[in-house]
Each structure stands twice: as C-alpha cells, then as structure tokens.
Amino acid sequence: MLKTLRVLASQAFLTASLSFLATSPLHAAPKPAPAKTAAHPPGAAIASAHALATQAGMDMIRQGGNAFDAAVAVSAMLSVVEPISSGIGGGGFFLLHDAKTGKDVFVDARETSPESATPQAFLTPDGQLDNDRATNGPWSAGIPGLPAALVHVSQKYGRLPLKTALAPAIRVAREGFEIYPRLERGYASRRAVMERYRGTREVFLADGTPPRAGEILKQPDLANTLQLLADKGFDGFYKGEVANRLLAAVKEEGGHWRAEELSGYRVKEREPLHFKYRGWDITTAPPPSSGGVAIAQMLQILAGWDLESLDEAKRTHLIAESMRRAFRDRTIYLGDPDFVKMPVARLTSADYAAGQRASIHPSKATPSELLSGPPAPLEDDETTHYSIIDAQGNRVSTTQTVNLLYGSGLVAPGTGVLLNDEMDDFALRPGTPNAFGVMGFAANAPAPGKRMLSSMTPTFMESGDRLAVLGAPGGSRIITEVLLGILGYDDGMGAQQVAAKPRIHHQWMPDVITAEQGALSPETVKALEAMGHKVNAGEKPWGNLQTVSWDKRANTLEGGTDPRNPVGKAEVLVK
Ligand code: DON
C-alpha cells in the first residue's frame, strides 16, 4: 500500500522581498551517510505548478502506472488548470529516463512554423517587426505539438492506457476548478487581445464577466477535445473534427494553416545533451532548445573556479559573466537542428569553455558590446514545468508552454483549445528582440515546418549519491533559473531550498545583471557596480521552478515547489 509520507504542500509566498530565504541555510546539514547507495528510489515524487496536476500524477502511480503515465496525467491537467502557461494548443519538451533500458530521450514536441509564416508576414509596411502579429492571434501560433507528445509518451513508455492518463484532466475540464489570483491577473493583462476572439469569449466570458479568483472555470469544449484525443489518439486532434475547427478558426481570424501541417505534425525523439560538472552527470535539452547548450557552456566556464570559496560579489560577477557569454552564442548560432548546422560540439566543449573563462577579468565586467540591445521587457512567469521520479527509477522532466500569458489569446471556437504564440520565439526580424529581449539571426529565422528556438531546459543531474530532476518557466530566464538550481544542488541544498533560491540573471543584451529584491546584499550590489556591472537589484520575484530529488544513500525522496507560486505542490509517496 502506498501512503503519503511527506507532503511538501505549496507554501504561500510570504514576502516579495525574499527575506524568508535568509532563514534557509545555504548548505544542508551533513548527515551521517550510510555507505551503500540504494538501487531504486523508495517511491515516487512529483512537483508541479498546480496541486491538481500533482494529484493527477500521483493517481496514476497509485493505479500501477509509471512516471511516464504520471507525466501524461500531469501535463494534461496543467493544460486545463493553467491555460495561462501551457496547453494542448502549445508545445513542450519531455526529457525521459527509462530505467529499464537505462536510456535518456528528449521528446521534442515543439510547435512548427506554418508555411504561411514568411518573414515578410511579420513586418509592418515600414519594415519593422509587427509585434501584434508576432504575439497575438492566428499569425503568432505555431502548429501545436503537445497533444502528439501525450499520445507518444503514453503509448511508447506508459503502462496505463492513454484514456486512463487523460481521465483526470477531462473530469476537471468538464466539472471545473477554482480560479486562482494569477489566472485572474493574467487575464486582466491580456483581456483586450483575448476578447477580440469569439472562441475565447465563449470560454472566458461564459458567465458574462472575466474570470475572478474563487470562481469555478468549466471548459466543456476542452473536455470534449481531450476525450477525442483519449479515444482516437493522434487523429483525435490532428485530423477530423478538432483539426477542422482549428483550421477554420485560424482562417476566420485572418491567418492560414494547411490541413497537412496539422496531420503531418510529428514529435521528434532526440539525443539529449550530456556533460559533466564537478562529479555530476548532467542530462539536458539539446536544440531546438538553447538551454542545454547554454547550461553546458556556463557550467564548464564556472568549473574553473571554486565558487563556494568566493564572496557573493565575486561569485555573482563570475556567474553573470558566464551567462553573458552563453547568451551571446545563443543569439548567433542556435536554431532548429533539422534546418541549421550548429557548432554544438564546439560550444559545449571544455576547450571552448577554457577560452571563454580566460576572457573573463577577475574583477571587471566585460561590456556586452565588446563581445559583439535593447531592453528586455519583463513578462509574468508563464510556461510550466514538472518533475517526476518513480520507484523503478524512471524520471521525467517536462517544460511545456503556450509562450506568453494565455498564448495567442485565440481559442478555436468549439474546441476549448487556446492557441500558442510561439512564433515570437523565431527571429522574425533579424536582430530585433522578441518579447524576452532575446534576438537572433539566420539560424533562427522561420521556415515551413521549422521549430523555433526555445529556452526551455528540462534537466536531470546525477552523482554517485544524488539524483535531481529540475526545470522552470521564465522565457530567457529559464536558462539561468536552471543554472542556479544546478549550482544549488551542487552546494548541497535540498529540493525545496533549490526551488526557493534567490535569482539573478544576465542575458548579454541588455547588459545588466537583474536580481530579485533581496537576492543580493547592498554591499554586493556596490561591489558589482565597482567592477563595472550595471545591476538592477529591485526586480520582483520571477520563476516557478519545480524539482524532485533522490538521496541514494539515505534513500529518501524530496520534492521542491517554487514558493513564488502559491498553488504549486510537491509530494512524495513511499511504498
Ligand atoms: O520556449 C521558450 O523559450 C518560450 N516560449 C518560453 C516562454 C516562457 O517561459 C514564458 N514565461 N515567462
């Protein structure tokens, strides 16, 4: 019988200043470690951004399912209860570890570009980027990938039928769930766009007023669409009734998708990126994510210093310099590996990292323009991540998204499917920053069937003693959230401490270190400024990191849910 051993329930985000973090020790107190490591985890652990999703995943484990069944249930439930963040109108990346074969696989369910989305289609008459087209409505949407991933992961890796894994999400779509403040806030900020569209009004203004926290949101059309997916698999979404409604909605709002672009959509299984960092084997996202390449670059640069022995200013300086360099390379080189040749092996090599390290002055900021932008507007933290380990040792790290708040804002009438606005992740106009202030050039230009470059970075890290699964939303900040998470585990933090850890970020352009309020002491800010860094230390908290970890010596599991998101939940079940 499975029983709940420990529930690390969502924690209210007590203060915007992160001062609560002062009470969490940087290093977990050393415990006397048994000499042997366990062969398997003692049970399952799941951390996700919504309690109903964590519960749906645990229901699969209780029914005899594995981590992959749980992943499908969590993913589908997040698509219902977090329409602000992800959904079956969007895409995602699933990083899987199959304990039976010992193999890791990266399931790429990124959206693809429709043929109609030529670069010219996103320019205003005077040649500027048409931001409205890039981020709102039918032109901003890529061909969805998430439904195909749910079918693929369930059928190839799961033990339970797809129908079983989708059942909790279908029930909650039909019966409704309680709207929480972040959904209400997000709706308010996207309202003008969303209410342009008939299908969106039908879902979100069903009772005549915009969604309010505490009310129940029912999505009967989405329940029917998920039921068709459960009954017919891939064809239930990409062909027939649902596909026809998606095509009609895009057309009605002035865009153009071809039926073959939907029916021809396929997930791709790719080899994840692997590299070593101070005794850890890191397994992470390959292109079309830029995250894994950047994490490999940054960690290999940082491996040249004993970060723990440095004061906060020095440590922050070196981390920011590594971020600056990785983001510069992201801008220039990375895109969809099926369309562009990229120097991934070189960028992720130890030699390249050594060269980059040598270019970092120990106490002076490198101006970004010397490495060869305009400011990055801050978005709310959308996109969503969940992390799972099961008792067999299977693991799943998934980041999924519709891109910005409520994606394109366009729900295809009669389907409940809110389409993504992922096209903005392409370099639609070379050198013009997207919504996250990151830009790109030819490698990330749109082309029919091409996948837009992503920052989503689902990751595993494993040493002889410990295993952790982690990831986060946050646009370009995903990469630095995951980097800081890895450094936190390397410092000996537990999963909950890693999720709560204060954040800093640098993305080459704009040339500024941003930090959550309270993340850096005033003395550190002064010291960084004296080195020549611009520092914006007053940012409101960002991110929503979800992580689980297994201590192989103590044979214990821990879940960590980001305290910045009060509706998240991490849970551990032992046999
Ligand atoms: O794939 C990407 O990198 C983005 N579409 C993720 C968007 C995101 O994290 C939104 N959150 N702020």
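See the structure above.
Small disclaimer: the values here were computed from a predicted structure and weren't measured.

Asker: Give me the sheet that holds strand 8 (residues 273-277): which residues, what numbers.
Answerer: The antiparallel open sheet is built from 6 strands, whose spatial order is 8-9-14-15-19-20. A strand with exactly one partner marks an edge of an open sheet, and here the two such strands are strand 8 and strand 20 (556-561). Averaged over all pairs of adjacent strands, the angle between strand axes in this sheet comes to 15°, irrespective of strand direction. Two strands pair when backbone bridges link them, and strand 8 and strand 9 (residues 280-284) are joined in this way by 5 bridges, in the antiparallel orientation.

Asker: Could you give me a rundown of the site of the ligand, with the residues and numbers involved?
Answerer: Close to the ligand lie 16 residues; Thr 383, Glu 422, Asp 425, Ser 454 and Gly 475 are nearest. Between the ligand and the protein, one listed contact pairs a nitrogen atom with a side-chain N or O atom of Glu 422 at 2.6 Å. Between the ligand and Gly 475 there is a distance of 2.6 Å, counted from an oxygen atom to a backbone nitrogen or oxygen. Relative to its free-state accessible area of 340 Å², the ligand is covered by the protein chains to the extent of 98%. For the shell around the ligand, the per-class residue count stands at 3 nonpolar, 7 polar and 6 charged.

Asker: Give me the pattern of salt bridges: which residues, what numbers.
Answerer: Applying the stated rule across the entire model yields 42 salt bridges. Among the salt bridges present, the one from Glu 82 reaches Arg 182, with a minimum N-O distance of 2.8 Å. Highlighted residues: Glu 82 in the loop between helix 2 (67-81) and strand 3 (91-98) and Arg 182 in helix 6 (residues 181-194), separated in sequence by 100 residues. The exposure classification of Glu 82 matches that of Arg 182, with both residues buried. With a shortest N-O distance of 2.9 Å, Asp 491 and Arg 315 are connected by a salt bridge. Of the two residues examined, Asp 491 and Arg 315, each falls in the buried class. Connected through shared salt-bridge partners, Asp 108, Lys 268, Arg 270, Asp 336, Asp 338 and Arg 451 make up one network.

Asker: Which residues make up unusual backbone geometry, and what values do they have?
Answerer: Look at the link from Pro 287 to Pro 288: it is a cis peptide, with omega at 15°. Summarising the element assignment, Pro 288 is placed in the loop between strand 9 and helix 12 (291-302). Residues Met 509 and Pro 510 are joined by a peptide bond in cis, for which omega reads 0°. Structurally, the position occupied by Pro 510 is in the loop between strand 16 (504-505) and strand 17 (513-516). Phi angles above zero are rare outside glycine, and Asn 403 is one such case at about 80°. For Asn 403, the position within the fold is in the loop between strand 11 (395-401) and strand 12 (411-412). Classification of Asn 403 by relative accessible area gives buried; the value is 4%. One non-glycine residue, Trp 508, lies in the positive phi region at around 70°.

Asker: Can you explain the packing of helix 2 against helix 4 (residues 146-157)? Please cite residues and give values.
Answerer: It is the contact of helix 2 with helix 4, at a shortest axis distance of 9 Å, that shows an interaxial angle of 160°. By the criterion of interaxial angle, the relationship of helix 2 to helix 4 is roughly antiparallel. When you trace helix 2 past helix 4, the crossing you get is left-handed. For the pair helix 2 and helix 4, the contacting residues are Phe 68, Val 72, Ser 75, Ala 76 and Ser 79 in the first and Leu 146, Leu 150, Val 153, Ser 154 and Tyr 157 in the second. A per-class count over the contact of helix 2 with helix 4 returns 7 nonpolar, 3 polar and no charged.

Asker: Residues and numbers for the environment of Ala 499, please.
Answerer: Looking at where Ala 499 falls in the secondary structure, it is placed in helix 17 (residues 495-500). The spacing of Ala 499 and Leu 419 is 80 residues in sequence and 29 Å in space, taken between C-alpha atoms.

Asker: Go over the nonpolar core, please, and point to the residues and values.
Answerer: If you look at the biggest cluster of nonpolar residues, it comprises 87 residues, and the most contacted ones within it are Phe 94, Leu 96, Leu 166, Leu 246, Trp 257 and Ile 388. Among the elements that take part in this core, helix 2 stands out by supplying 12 residues, more than any other. Beyond its immediate sequence surroundings of up to four residues, Leu 166 is in contact with Val 72, Ala 76, Leu 150, Leu 226, Leu 229 and Ala 230. By size, the runner-up hydrophobic cluster in this structure holds 73 residues, among which are Ile 360, Phe 436, Leu 557 and Val 574.

Asker: Hey, could you go over the packing of aromatic side chains for me, with residue numbers and the actual values?
Answerer: Going through the model one piece at a time under the given rule, you end up with 9 aromatic pairs. Each ring, one from Phe 204 and one from Tyr 406, has its centre 5.4 Å from the other, and the planes form 80°; the classification is edge-to-face. For Phe 204, a relative accessible area of 4% puts it in the buried group. Where Phe 237 meets Tyr 238, the ring centres are 4.9 Å apart and the plane angle is 65°; that geometry is what we call edge-to-face. You'll find Phe 237 and Tyr 238 in the same group, each marked buried. Members of the aromatic cluster, connected to one another through ring pairs, are Phe 234, Phe 237, Tyr 238 and Tyr 265. Arg 395 extends its terminal NZ or CZ atom over the ring of Phe 460, reaching a point 4.9 Å from the ring centre.

Asker: Report on the side chain of Ser 113, specifying residues and quantitative values.
Answerer: With respect to the helices and strands, Ser 113 occurs in the loop between strand 4 (103-109) and helix 3 (131-135). The residues touching Ser 113, leaving out its near neighbours within four places in the chain, are Met 423, Phe 426, Pro 446, Ala 447, Pro 448, Gly 449 and Lys 450.

Asker: Now, about helix 8 (residues 220-232): what can you tell me, with residues and values included?
Answerer: In a regular helix each residue adds 1.5 Å, so 13 residues correspond to 18 Å; helix 8 covers 18 Å between its end C-alpha atoms and thus fits that length. All buried positions along helix 8 are accounted for by Leu 222, Ala 223, Thr 225, Leu 226, Leu 228, Leu 229 and Ala 230. Packed against the buried residues of helix 8 are helix 2, helix 4, helix 5 (162-175), helix 9 (235-238), helix 10 (240-252) and strand 13 (417-418). Where helix 8 ends, the next residue or the one after it, Gly 233, has phi of about 65°, a positive value.

Asker: Before we move on, can you summarise the side chain of Glu 261 with the specific residues and values?
Answerer: When you line up the elements, Glu 261 lands in helix 11 (residues 259-263). Look past the residues within four positions of Glu 261 in its chain and what remains in contact with it is Pro 114, Glu 115 and Ile 143.

The rules behind the values
- Here, residues in each chain are numbered from 1, in the same order as that chain's written sequence.
- Restriction of local features to residues with pLDDT of at least 70 applies here, the model being predicted, together with a cutoff of 80 or more for giving and counting side-chain atom pairs; totals for whole chains, interfaces and linings are based on all residues.
- Note that water and hydrogens are dropped before the side-chain values are worked out from all heavy atoms of the structure.
- Two strands pair under a simple rule: DSSP has to find at least two bridges between them.
- Secondary structure elements are taken from DSSP: a helix is a run of H or I of four residues or more, a strand is a run of E of two residues or more, and numbering for both begins at the N terminus.
- Only the stretch in contact is used when fitting a helix axis, every axis being a line fitted to C-alpha atoms; angles between N-to-C directions are given from 0 to 180 degrees.
- Only a single heavy atom is needed: when it lies within 4 Å of a molecule or strand, its residue is near that molecule or strand.
- For the purposes of these results, a polar contact is taken to be a pair of N or O atoms within 3.5 Å, where, inside protein, one atom must be able to donate a hydrogen and its partner to accept one; residues adjacent in sequence count only when each atom of the pair is a side-chain atom.
- With residues, only the protein chains shown are counted as cover, and all accessible areas are computed by Shrake-Rupley using a 1.4 Å probe.
- Residue classes follow a fixed rule: Ala, Val, Leu, Ile, Met, Phe, Trp, Tyr, Cys and Pro count as nonpolar, while Asp, Glu, Lys and Arg count as charged, and any other residue, Gly among them, counts as polar.
- Only one rule defines a salt bridge in this text: a Lys or Arg side-chain nitrogen within 4 Å of an Asp or Glu carboxyl oxygen.
- Categorising residues by exposure relies on relative accessible area from a 1.4 Å probe, with only protein chains included: less than 20% of the type maximum marks a residue as buried, more than 50% marks it as exposed, and the intermediate range marks it as partly exposed.
- Working definition: roughly parallel below 35 degrees, roughly antiparallel above 145 degrees, roughly perpendicular at 65 to 115 degrees, and oblique for all remaining angles.
- Left-handed describes a crossing whose near helix is turned anticlockwise from the far helix by less than a right angle; the clockwise case is right-handed.
- Any two residues having at least one pair of non-hydrogen atoms within 4.5 Å are treated as being in contact.
- The term nonpolar core refers to a set of buried residues drawn from Ala, Val, Leu, Ile, Met, Phe, Trp, Tyr and Cys, joined through side-chain atoms within 4.5 Å.
- Working definition: a ring pair exists when centres of Phe, Tyr or Trp rings (six-membered ring for Trp) sit within 6.5 Å. Plane angles under 30 degrees give stacked, over 60 give edge-to-face, the rest tilted.
- Geometrically, a lysine NZ or arginine CZ counts as sitting over a ring once it is within 6 Å of the ring centre and also within 35 degrees of the ring normal.
- Multiplying one less than the number of residues by 1.5 Å gives the expected span of a helix.

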